[in-house]
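Fold and geometry: a report
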Amino acid sequence: MKLNESATVAINSLAKQKIAAGINIFNLSAGEPELMPHPIIVDAALQALKQGKTLYPPVAGIPELKQAASQWMNHEYQCNFTADQCVVTPGGKFAIYLLLQYLLKPADEVIIPAPYWVSYPSITELFGGKACIVPTRAEQGWKLTPEQLITVCHTRSRILILNNACNPTGALYSREELQALLAVAKQYDLWVISDEVYSGLCFDDKPYVSCGAFAQHRERVIVVQSCSKSFAMTGWRVGFTFAPPTIIQALTILLGQSTSGTATLSQWAATAALQHSTLVNSYVNGELKKRRNALVNAFNTAFNLQIAAPLSSLYLFVSLPTLGVNELSSQRFCERALAEANVATVPGIAFGQEGFVRLSFGADPERLTQAVAALADFCQQAYRGH
Ligand code: PLP
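In this text, all values refer to a predicted model and were calculated from it rather than measured experimentally.

Taken as a whole and judged by the stated rule, the model has 11 salt bridges. A salt bridge links Asp108 to Arg158, with the shortest nitrogen-to-oxygen separation between them at 3.2 Å. Of this pair, Asp108 sits in the loop between helix H4 (92-103) and strand E3 (109-114) while Arg158 sits in strand E5 (residues 157-163); the two residues are 50 residues apart in sequence, bridging distant segments of the chain. For Asp108, a relative accessible area of 3% corresponds to the buried category. Residue Arg158 is classed as partly exposed on the basis of its relative accessible area, which comes to 24%. Put simply, Glu287 and Lys290 hold a salt bridge, and the shortest N to O gap is 3.1 Å. In this pair, Glu287 and Lys290 are both assigned in helix H10 (residues 277-303), 3 residues apart and thus about one turn of the helix distant. We classify Glu287 as partly exposed; its relative accessible area is 23%. Among the charged side chains, a salt-bridge network with shared partners connects Asp108, Arg156 and Arg158.

Another point: the side chain of Arg292. By the element assignment, Arg292 lies in helix H10. With sequence-adjacent residues up to four places away left out, Arg292 is seen in contact with Phe203, Asp204, Ala309, Pro310, Leu311 and Phe361.

Gly92, Asp195, Ser226, Ser228 and Lys229 are the nearest of the 14 residues found near the ligand. One nitrogen or oxygen atom from the main chain of Lys93 is found 2.9 Å from an oxygen atom belonging to the ligand. One nitrogen or oxygen atom from the side chain of Asn167 is found 2.7 Å from an oxygen atom belonging to the ligand. The residue inventory of the shell around the ligand, partitioned by class, reads 4 nonpolar, 6 polar and 4 charged.

Describing an aromatic ring pair means giving the distance of the ring centres and the angle of the ring planes. Overall, the coordinates contain 19 aromatic pairs when judged by the stated rule. When the centroid spacing of 5.4 Å and the interplanar angle of 80 degrees are considered together, the rings of Trp117 and Tyr120 count as edge-to-face. When the centroid spacing of 5.7 Å and the interplanar angle of 85 degrees are considered together, the rings of Phe378 and Tyr383 count as edge-to-face. In this structure, Phe378 and Tyr383 share a single accessibility class: buried. Grouping aromatic residues by their ring pairs yields a cluster made of Trp72, Tyr77, Phe81, Tyr208, Phe231, Phe240 and Phe242. One Lys or Arg, Lys53, reaches over the ring of Trp268 and ends 3.8 Å from the middle of that ring. Above the plane of the ring of Tyr173 lies Lys143, whose end atom (NZ or CZ) is 5.9 Å from the centre.

It is worth spelling out the nonpolar core at this point. Formed by 140 residues in total, the largest nonpolar core has its most connected members in Leu100, Phe299 and Phe333. With 9 residues, helix H12 (residues 365-383) is the largest single contributor of residues to this core. Those residues in contact with Phe299 that lie beyond four places of it in its chain are Asn304, Leu305, Ile307, Leu316, Val318, Leu323, Leu359, Val372 and Leu375.

Parameters and conventions
Residues numbered from 1 in each chain as written. Predicted model: local features only at pLDDT ≥ 70, side-chain atom pairs only at ≥ 80, totals over all residues. Heavy atoms only, no water. Salt bridge = Lys/Arg side-chain N within 4 Å of Asp/Glu carboxyl O. Helix = DSSP H or I, 4+ residues; strand = E, 2+ residues; numbered from the N terminus. Buried < 20%, exposed > 50% of the residue type's maximum accessible area, 1.4 Å probe, protein only. Contact = heavy atoms within 4.5 Å. Near = heavy atom within 4 Å. Polar contact = N/O pair within 3.5 Å; in protein donor to acceptor, adjacent residues only side chain to side chain. Nonpolar A, V, L, I, M, F, W, Y, C, P; charged D, E, K, R; others polar. Phe/Tyr/Trp six-rings, centres within 6.5 Å; stacked < 30°, edge-to-face > 60°. Lys NZ or Arg CZ within 6 Å of the ring centre and 35° of its normal. Core = buried A, V, L, I, M, F, W, Y, C linked by side-chain atoms within 4.5 Å.

Dropping the structure here:
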């Protein structure tokens, strides 16, 4: 079997190796809010530790976390989930992995709008499925349209993966847009895996609409959520999935045969984050909004541009020509930016979109500003002939 390493993990690892070797690397490749954990999270973890909550957890998650997660979805996004419609996983990524492992039969197709999160096609192929990539364009807000979805649906189509809010583009779907896509999914009897891990990172009062809020589509919608981004808990590895009973049962069995569940301490920390979701998320969201603005302002100043700030997620996704870069290969651009300017970014090609580059605004604002200055100098010297 041909195994593809995750492009983002690979670049992040290389950047970290260089940092360990003492090189001053600006790491804009990682998709994580680099924040101290909120004190509520720290206290909950310490308390759980002191109380000896360190034994194996229930495979599908501790009841308190499933309850808190369901209440969070219901309160924030007008869903109507009960705790037994929820299963806890070690991160959202592993939920997607298990879902594709369970749902795919050989040659089944998974419809994936591009630009996509790097792992969707790779995991699909890992389980013998076929990734059906549907390109979207900046002019359509990087969003899949119902017409596009209809064109690619046929008898082997089994799953649509919708990433709302989107990594890498920050695209956000409206209620009407989701409604229309779900109607097509129903017509072609598709499962919809709605990857909503960035739901807590929407800015400028943009409302977030969850696919879990459409009661009439409940039997085909699987919502994947995570504490990683919305609560800045990447290293704790806590995700949760809301799905119909057959899927919950299957994931529970697969978890029982693989990880035996999600680390107990992490689950107690996540429970506290979710029980105080407004407080914890507004800390994370507020910090990231500052970082987003710092990155966009630095960019616009250094490159004399008027790039609009992304509405959601953790990334700026910019085209190389916008930066005055006459390089066709985004891979080559990113390799050079790391080698020559010490700035780690991710090539658009990893997301199925050549000619673009993704910059994360998870780092602190000062580092972001310095990174943009280094990148602007590099672009000037390497590509604009000065
Ligand atoms: N989905 C998307 C779109 C992501 O960008 C990520 C992480 O980068 C994940 C899922 C998985 O996150 P985690 O496994 O940390 O919950």
